[in-house]
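Notes for the structure review
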Amino acid sequence: MATDTSSKSPEIRRALPGHRLLIGKEAPLQLDCGATLAPAVLAYQTYGELNADKSNAILVFHALTGDQFAAEDHPVTGRPGWWEVMIGPGRPLDTRRYFIICINVPGGCMGSTGPKEINPETGKPWGLDFPVVTIGDMVRAQIRVLDHLGIDKIFCAIGGSMGGMQALEMASRHPERLHSVIAVATAGHHSAQNIAFHEIGRQAIMADPDWRGGRYLEENAVPRRGLAVARMTAHVTYLSEPALHRKFGRRLQDRRALSYGFDADFQVESYLRYQGASFVERFDANSYLYITRAMDYFDLAADHDGVLAKAFTHSPARFCIVSFTSDWLFPTSEAKRLVHALNAAAADVSFVEIESDKGHDAFLLNEPEFHATLHGFLNGTAERLGLPTGDLIPIDLGDRDPGKERIS
Amino acid sequence: MTLGGDARTRRSSNLARSDLRLIADLIEPGSRVLDIGCGEGILLEYLVREKAVVGRGMELSQEGVNASVARGLSVVQGDADTALSYYPDQAFDVVVLSKTLQATRDPRAVLRQLVRIGNNAIVSFPNFGYWRIRLELLLRGRMPMTPSLPAPWYETENIHLCTLRDFVALCEQEQIRVERAFTVRDDGSPRPISSLGLANLFGHDGVFLLRRS
């Protein structure tokens, strides 16, 4: 059994590398639910150098279970950063030219204020007393980090999945703070099917007796089984039938014949069990509840009289929308909806669908055509703004290929 | 630190296709341009670089879109038959539809969209009234195949071919004004159309600058 990082979290948190922004009571975070949050902490990480006129910053938004350690070995898991294929010298988000910022979302569990941190009013972990946060709250919090760094306008806001939601939210609410937006494998709202999958995950967590009404940290318990089942379900939605077939087929795990029992006979079962078990070592169950809820609540059109185009009226930003052919969680039809809305708003938009059989996870993987188009989009934007352009260096990941296992 | 510089600035900006050269000449510098069926973005890139237009593209094939975006152009995947309706009225100074109208399902509806979303529209298409085509049909009794129309009838994408005269008649019917009209002759040189009858016989392509009446 691996070490229990959940119960050791305060020590590990203190030891985490990277930066912290403290939000004091004098200027609390205003949340969509009506509550305010202060004092609060936003943990973030940066790569590359901010240039003299602070014009080369790229804000990378992480997805549901990602965090700020996007482009380095993860300090808790020891695994490669979740977007190492995208961020680095000669990568599309080229750290020789750009200053990359990635912030753990509020409600998260990698150093930013969230349900597993101590509620200063009670001296106990927040648990379900933590206010429900939204995608809008996440973006508002992250803009506080930009303010802190003195960055008025970022070069690009980029993210996949929930990260893409945040990029779109920022483009809609704070168009004056960005030059360009890249929204990958995402949508303008969370679909009924996606809410349904999230609800299964949440119910699995809450059905675990060790969840203890959300107070497991106080009672020295961890709802491992529930969180693992949530992860297993979600994990299937990140893949595709062809990818599962290619990877596992109906092959048996360490045996020649069926066991006529309920062991993990099939490789795919064994794989999912491993995914579930390793996930609980790095992620907080209540954070999972809160962040999935934030995604469920996301609906850009609803905030604009039901008209998605109104979310982008007069936006001067360049947009790049990307989808993957085998992604059934955020399918191309959702991306096209965004594109049609952006066209209706006469926005500057590019839309690319990448051929891949790797499902939703493709956005995290080494997909050369995806990277080439992002590189071209960013170079084109850099050229317009008078920033240096550069060339891609082909990736040779060797053993660090994240295709071997999902890490976000 | 050495940065590679942009490959695109080193690439030649020549337009090989003569109808594209003519189209480029018809576009005012600095205009807002939508190039529908932009392929890999050759015309669009030329316009952005040489004429400082605010350029957008639409292309049906995903390979074309990806190649265009990788060049730094703003291009979306879309079908001229269905995707134009999303753009607001007069969103562009010029909308370009080069050698694509004849491949659409509903050319009349597309034409209406063009003059709705653009103050001007530039349309080019192969002229089915060109004398070689007429002769081939007359003498051989087979569907013509020419350098502009190289595919056999059973696999051509060109499902709505027309002559220059047909096109002018449709514009009249739709109350679309022809501002300027050109043909491209065998030697690749564009000529303003003075006699529609002669142009319809000797021009293998037509290039029209249109406007809503």
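Refer to the structure printed above.
Below you will find a few notes about this structure. (Residues numbered from 1 in each chain as written. Chains lettered and ligands numbered in written order. Predicted model: local features only at pLDDT ≥ 70, side-chain atom pairs only at ≥ 80, totals over all residues. Heavy atoms only, no water.)

**Some thoughts on the overall build of chain A**
The secondary structure content of chain A amounts to 10 helices and 14 strands. Rg of the C-alpha trace for chain A: 21 Å, near the compact-globule value of 22 Å for 408 residues, within the 12% margin. Its C-alpha atoms give chain A principal-axis dimensions of about 65 × 50 × 40 Å. Across the 408 residues that make up chain A, the buried fraction comes to 59%. Look at the contacts in chain A between residues 6 or more apart in sequence, and 72% of them connect residues 24 or more apart. (Helix = DSSP H or I, 4+ residues; strand = E, 2+ residues; numbered from the N terminus. Rg over C-alpha atoms; globule rule 2.2 N^0.38 Å. Buried < 20%, exposed > 50% of the residue type's maximum accessible area, 1.4 Å probe, protein only. Contact = heavy atoms within 4.5 Å.)

**Quick word on the pairing of strand 12 (residues 180-184) of chain A**
Residues and elements named next belong to chain A. Burial analysis of strand 12 places five of its five residues in the buried class, the great majority of the element. Covered by surrounding structure in strand 12 are S180, I182 and V184 together with V181 and A183, the residues of both alternating faces. Examined bridge by bridge, strand 11 (residues 156-160) and strand 12 share four bridges and lie parallel to one another. Its bridge partner lying in strand 12, G159 is registered against A183. In this region the chain leaves strand 11, passes through helix 3 (residues 162-173) and returns to the parallel neighbour strand 12; the handedness of that crossover is right-handed. (Pairing = 2+ DSSP bridges. Right-handed = clockwise from strand over helix to strand, strands pointing away.)

**Some points on the layout of surface pockets**
All names here are of chain B. In this model, the largest pocket occupies a volume close to 1200 Å³. Forming the walls of the largest pocket are 50 residues, and the residues nearest its centre are K99, T100, Q102, E157 and N158. The set of elements that each furnish at least two residues to the lining of the largest pocket consists of helix 2 (18-26), strand 1 (32-36), helix 3 (42-51) and strand 2 (54-59). If you tally residues by element for the lining of the largest pocket, the top one is helix 2, at three residues. When its residues are assigned to classes, the lining of the largest pocket shows 22 nonpolar, 15 polar and 13 charged. (1 Å grid on protein atoms, 1.4 Å probe; cavity = no way out; pocket = protein on both sides within 12 Å on 5 of 7 lines; lining within 4 Å. Points joined across faces, edges and corners; volume = space filled by probe spheres on them. Nonpolar A, V, L, I, M, F, W, Y, C, P; charged D, E, K, R; others polar.)

**Let's talk about helix 4 (residues 192-207) of chain A**
All names here are of chain A. Its 16 residues give helix 4 an end-to-end C-alpha distance of 22 Å, which sits within 8% of 22 Å, the value for a rise of 1.5 Å per residue. Here helix 4 has its buried residues at N194, H198, G201, R202, A204 and I205. Buried residues along helix 4 cover an arc of 155 degrees about the axis, so they all sit on one side. Turned more than 90 degrees off the buried face of helix 4, the exposed positions are A192 and A207. (Expected span 1.5 Å × (residues − 1). Arc of directions from axis to C-beta.)

**Regarding the interface of chain B and chain A**
Every contact between the two is made by 24 residues of chain B and, on the other side, 31 residues of chain A. For the pair chain B and chain A, the two sides together bury roughly 2200 Å², of which 49% comes from carbon and sulfur. Here chain B and chain A share two salt bridges between them. R56 of chain B is the partner of D348 of chain A in a salt bridge, and the nearest nitrogen-oxygen pair spans 3.5 Å. (Buried area = accessible area lost by both parts, 1.4 Å probe. Salt bridge = Lys/Arg side-chain N within 4 Å of Asp/Glu carboxyl O.)

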